[in-house]
Amino acid sequence: MLGLNKKDTSLMIVVIILTMFAPFILNPFPVDSAMAQFNAGYPDLMQRFVIFGIFAIGFNILFGLTGYLSFGHAAFLGIGSYSVVWMYKLLDYNVIYGLPLAVLTAGIFAVAIGYVSLRRSGIYFSILTLAFAQMSFNLAYSVLTPITNGETGLQVYNNDPQVLLGANEATSPHLFGIVMNNSFKLDVGAWQFTFNNGYYFCALVMLLVFYLSIRIFRSPFGLMLRAVKSNQNRLSYTGLNPRPYTLAAFVISGMYAGLAGGLMASMDPLAGAERMQWTASGEVVLMTILGGTGTLIGPVLGAGFIKYFENIFSKINDTILHQWFSFLPDGLEDAVVFIIHPFIGKGWHLTLGILFMLVVIFLPGGLVEGGQRIGKWIKSRGKSEDSDSGATTEPAE
Amino acid sequence: MGILEVKDVGKRFGGLQALGDVNLSVKENSVHAIIGPNGAGKSTLLNCLVGKLIPDTGSVMFDGQSVLGRTPYEINQMGISRVFQTPEIFSDLTVLENMMIPCFAKRDGAFRMHAIENMMSEAEIVDKAEHMLEEMNMADKAGMHSASMSRGDKRRLEIAMCLAQEPRLLLLDEPTAGMARADTNNTIDLLKQISDERDITIAIIEHDMHVVFSLANRITVLAQGTPLVEDDPENIRGNPKVREAYLGETA
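Residues numbered from 1 in each chain as written. Chains lettered and ligands numbered in written order. Predicted model: local features only at pLDDT ≥ 70, side-chain atom pairs only at ≥ 80, totals over all residues. Heavy atoms only, no water.

S.K.: Mind showing me how you'd approach the environment of Gly 370 of chain A here?
M.R.: With respect to the helices, strands and loops of the structure, Gly 370 of chain A is situated in helix H17 (residues 366–390). For the pair Gly 370 of chain A and Val 359 of chain A, spaced eleven residues apart in sequence, the C-alpha to C-alpha distance is 8.7 Å. (Helix = DSSP H or I, 4+ residues; strand = E, 2+ residues; numbered from the N terminus.)

Here's what the structure looks like:
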């Protein structure tokens, strides 16, 4: 289907189903139950899942295929956001103007940064991209205040031109009148499911760019990128110039990041310099590695995993813990809460760090490898049960 | 006039004169061996031919065109392929994918952006890669991860990848170094077959005299960065100067 082989088609279908039914899947617990705080099916978080999914998919085209580890991709994220907010200020709140511009500006910046950074490889490349991203951050934060509005962040004011703004037009981001903030709530028994326009818009964009990334992975271009990662020496002695291939991959992943940044500003009409900080660049590296570098679905899983922990674990506080462990004797209850305390709330980074370490040590292929191992284990279990019933003389291994 | 003409090439690394006034002419469709003791400058010379090093003096002409100042991939596109001392293949890829890369390089040149086409539906490339594997008796390994092959097979794959580009000159840098006797003999047979069946010139740097004398029809002896003598194999064997410099008195 659509130029994909059977395996990729089924992966694509699974991803379509998961994203389209996410409001149900992510809200397994009734609203009033004690477990409701583990529900992730609210618009803000779902939007973040797919937006960071796009960011990580793009990053994986560079890092997963060519092995060039960029520590500066957040710069493109910020550039995308600023582009979109500027279109709000100059034209109107329709995101259709801003998003293509976000992709384009991020692409132009990626050409410039990539052209310089890709002269080096390995750690030097990483440091160069990091330096560029920090430069962009500092420019946005202070020097370029007229364009970026400095530390306040860029936003729309009443006296902005907004030349295309109609009389009855919505005053928040929308796509031809479909307002991103609007949601439709469905109550089923004790459950409540929220269907948000913004989420579905982002999800459709993500499906599109996910499909594009599958095509890139399976293309001759993708093969060359994997060859760059595998053996650049052999590649240049095979009559191929690695430089334009890596630059193209860098620009494509920069455009993905620009798109993700643009979508952030499409959900919430703000753009701040902190979006470009190196921690944001590091986060996408973690997402990709955690999910599975060089796999198709890995980065999306990694993005979802990290965003879920960031939003859910950081919300748990001591009061909630005391409720959970109230069945224990008083002294023991306090002790347990004391032990768990550093891992929750503001300490969620600690939990994430431990999980990250465990994944990297025991599952070098990330969450995707974990899934594959479980799949294999189930298969081999099924087989050994079959052989058990069939031939009883042979001890099943 | 040979296909490869090396004239007065000199290369100095700091205080060390690695190459001094090397003159070499490789005739078309010959198998030309370059031998010499350790430190004679064989590898330096090879690196000057493929664009990895730029000589300080002299000229290197391939088929009437200078190769100096060109990058390795440009020189490769001119028709010179190189086999490395330790097999350089794409070890993360399957054998078939390894074979497809030079086929793409031959068809599309140094860079082409086809990011949407499916590589497996490029029938022309897949056919050529599979055909090449068949010719090399490696068809059964097409789906294998190339890192898991034996060293002999890796060498065979590397040579196949070079041949897929239909080069006019194949440079080999000690192709049998570190190989078991059986693998060495296989490689000799393979190279013989290649030079008999194809319209190709082979230049080979080698340590192993068994390999040199079973393949070469022309030999250049390098010693201390300069060519000592260039002659047919029979004369090299008997040449007292060569014995002294390389084979030793007793050989």
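S.K.: Got a minute to help me understand the sheet that holds strand S5 (residues 65–66) of chain B in this structure?
M.R.: As a general point, the strands of a sheet are linked pairwise by backbone hydrogen bonds and lie either parallel or antiparallel. All names here are of chain B. Reading across the sheet, the four strands line up as S2-S1-S4-S5 and stay open at both edges, with antiparallel pairing between neighbours. Two strands lie at the open edges of the sheet, namely strand S2 (16–26) and S5, each paired on one side alone. As paired elements, strand S1 (residues 4–13) and strand S4 (residues 57–62) share five bridges and run antiparallel to each other. Within the sheet, the bridge partner assigned to Gly 10 lies in S4 and is Thr 57. In this fold helix H1 (residues 42–50) packs onto S1, S2 and S4, with an angle of close to 65° to the strand it touches most, S2. (Pairing = 2+ DSSP bridges. Contact = heavy atoms within 4.5 Å. Axes fitted to C-alpha atoms, helices over the stretch in contact; angles between N-to-C directions.)

S.K.: Explain the interface of chain A and chain B here, please?
M.R.: At the interface, 28 residues of chain A touch 37 residues of chain B. Between the two partners, chain A and chain B, sit two salt bridges. Here Arg 234 of chain A makes a salt bridge to Glu 158 of chain B, at a shortest N to O gap of 2.6 Å. At the junction of chain A with chain B, the criterion picks out 20 residue pairs in polar contact (both at pLDDT 80 or more). (Salt bridge = Lys/Arg side-chain N within 4 Å of Asp/Glu carboxyl O. Polar contact = N/O pair within 3.5 Å; in protein donor to acceptor, adjacent residues only side chain to side chain.)

S.K.: Just to check I follow, could you spell out the domain arrangement of chain B for this structure?
M.R.: How big an interface is tends to be reported as the loss of accessible area on association of its parts. All names here are of chain B. Splitting chain B by domain gives domain 1 (1–79 + 167–251) and domain 2 (91–163). Between domain 1 and domain 2, the residue contacts involve 18 residues of the former and 13 residues of the latter. For the pair domain 1 and domain 2, the two sides together bury roughly 1,200 Å², of which 62% comes from carbon and sulfur. If you sort the residues of domain 1 by the area they bury against domain 2, Gln 77, Leu 190 and Arg 198 come out on top, with a joint share of 38%. One can count one salt bridge joining domain 1 with domain 2. The partner of Glu 135 in a salt bridge is Arg 198, with the nearest N and O atoms 2.4 Å apart. Our count for the contact surface shared by domain 1 and domain 2 stands at three residue pairs in polar contact (both at pLDDT 80 or more). Elements that contribute at least two residues to the side of domain 1 that touches domain 2 include exactly helix H2 (72–78), strand S7 (169–173) and helix H6 (181–197). Split by residue class, the side of domain 1 that touches domain 2 holds eleven nonpolar, four polar and three charged. (Domains from an automatic or database assignment. Buried area = accessible area lost by both parts, 1.4 Å probe. Nonpolar A, V, L, I, M, F, W, Y, C, P; charged D, E, K, R; others polar.)

S.K.: Is there a simple way to explain unusual backbone geometry in this structure?
M.R.: What is expected of a backbone is that most residues other than glycine have negative phi and most peptide bonds are trans. Residue and element names in this part refer to chain B. Backbone geometry at Asn 137 places phi at a positive 60°, although glycine is not the residue there. When you line up the elements, Asn 137 lands in the loop between helix H4 (123–135) and helix H5 (151–164). Residue Asn 137 is classed as exposed on the basis of its relative accessible area, which comes to 61%. Phi at Glu 166 takes a positive value of approximately 50°, unusual for a residue other than glycine. (Buried < 20%, exposed > 50% of the residue type's maximum accessible area, 1.4 Å probe, protein only.)

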